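# Working through the structure, step by step
One-letter residues, chain by chain:
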Amino acid sequence: MPEILEAEEARALIEARGLGREITTVDAPDAWYLKRGLTPRAARAVLPGRSFVAARRRGKQLFLDTDGVEDSGGPVLGLHLGMSGRVVIDGAAAGDPLRYASNRDMPEWHRFAVRFVDGGRLSLRDPRRLGAVELDPDEDRLGVDAIEITLAQLRSVVARSRAPLKAVLMDQARVAGLGNLLVDEILWRVGLDPARPANTLDAGEQARLARSIRQTLRTLGKRGGSHTGDLMAAREPGGMCPKDGAPLLRRTVGGRTTYSCPRHQH
DNA sequence: ATTGTGGCCTGCCCGC
DNA sequence: TGCGGGCAGGCCACAA
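Residues numbered from 1 in each chain as written. Chains lettered and ligands numbered in written order. Predicted model: local features only at pLDDT ≥ 70, side-chain atom pairs only at ≥ 80, totals over all residues. Heavy atoms only, no water.

### Quick look at the sheet that holds strand β3 (residues 61–66)
Where we set the bar: In this description, strands pair whenever DSSP reports at least two bridges between them. Each helix is a run of H or I in the DSSP string that is no shorter than four residues. Each strand is a run of E no shorter than two, and both are numbered from the N terminus. Angles run from 0 to 180 degrees between N-to-C directions of axes, and those axes are lines fitted to C-alpha atoms, restricted for helices to the stretch in contact. Contacts between residues were defined by any pair of non-hydrogen atoms, one from each residue, lying within 4.5 Å.
The four strands are arranged β2-β3-β4-β9 in an open sheet whose pairing can be described as antiparallel. The outermost strands of the open sheet, each flanked by one partner alone, are β2 (52–58) and β9 (132–135). Recorded for the sheet is a direction-independent mean angle of 20° between the axes of neighbouring strands. With four bridges connecting them, strand β4 (residues 76–80) and β9 associate as antiparallel partners. Of the residues in β9, the one forming a bridge with G78 is E134. Sitting on the sheet, helix α1 (residues 4–17) is in contact with β2, β3 and β4, with an inclination near 170° to β2.

Below, the structure is given as structure tokens:
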């Protein structure tokens, strides 16, 4: 996906409009889209008759809790949006249209859906099929959620790796939720070079980075998503730094296309 | 063990 | 207008 901000919008949409509605049927036309052993048959066996009772999120991963037949809770449905997925409920989609994902609504792009007794539907629309649906996902695969990362948590993450700072921040097992655009924006704002070995940050840089992560997510969240950063407009070949006008550096860091300012990011 | 690379899959945009 | 190439905000398996 979309990154953590779009995942949070999807979570909020589900919380607002997807809870407490009994599921009648499961549409899983794309078995490939189901991961970690989940099959269309298994999904149809466990979901109908239940309702979602909570929508949680960690990083970019969504967890939909279901009610149990008895007191014990039902299975947890895990949704991941990949690079182009969007949650759609009764025709309303969460999040602004993504730059690299068409916002058209082709029926064949709906890879997974549940229909409710009331006639509505919760669906995952994903043109590129890089998202995923699974049952009872392992929540501990993911590191600390980026939105609420503390200085102590950030310090323990960056201090023990000499990989490029950007690669460490995008490692979902360490910090969950940051993707390519958000990391470029955060590091540009705080003035840190994405290629710096993570363990070379001094205490002051660690503190500013932790604050920048929280502040940037808060600001861009209010604006409407990961693509609303101040670096975004210049994030193209030949782009100039919006802060100081220097030509931006475009390179691959951590395996991803990376834009940074050679003048103020060190 | 950690880090880096390639592949997955499809849509879109650019240049010829 | 049609086509090929390259690009894309994520994740995983694998190699070094």
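Here the narrative resumes.
### Examining the protein's contact with DNA strand B
Quick reminder of the rule: To be near a molecule or strand, a residue needs just one of its heavy atoms within 4 Å of it. Counted as a polar contact is a pair of N or O atoms within 3.5 Å, where, for protein atoms, one must be capable of donating a hydrogen and the other of accepting one, and residues adjacent in sequence contribute only when both atoms are in side chains. Each residue is assigned to one of three groups, with Ala, Val, Leu, Ile, Met, Phe, Trp, Tyr, Cys and Pro labelled nonpolar, Asp, Glu, Lys and Arg labelled charged, and all others, Gly among them, labelled polar.
Taken together, 13 residues form the shell around DNA strand B, and within it R104, R129, S161, R162 and R174 come nearest. Close to the protein, within 4 Å, the atoms of DNA strand B belong to sugar or phosphate groups at a rate of 86%. Interatomic distance of 2.7 Å between a side-chain N/O atom of R129 and a phosphate oxygen of DNA strand B. Separating a phosphate oxygen of DNA strand B from a side-chain N or O atom of S161 is a distance of 3.0 Å. Within the surface near DNA strand B, the residues separate by chemical class into six nonpolar, two polar and five charged.

### Here's the deal with the domain arrangement of chain A
Heads up, the condition is: Note: domain ranges come from an automatic or database domain assignment. The term salt bridge refers to a side-chain nitrogen of Lys or Arg lying within 4 Å of a carboxyl oxygen of Asp or Glu.
The assigned domain composition of chain A is domain 1 (4–140) and domain 2 (143–260). Using C-alpha coordinates to define each centre, domain 1 is positioned 29 Å away from domain 2. The interface is formed by 11 residues belonging to domain 1 together with 18 residues belonging to domain 2. The tally of links from domain 1 across to domain 2 stands at one salt bridge. Where D145 meets R57, a salt bridge forms, and the shortest distance between an N and an O atom there is 2.7 Å.

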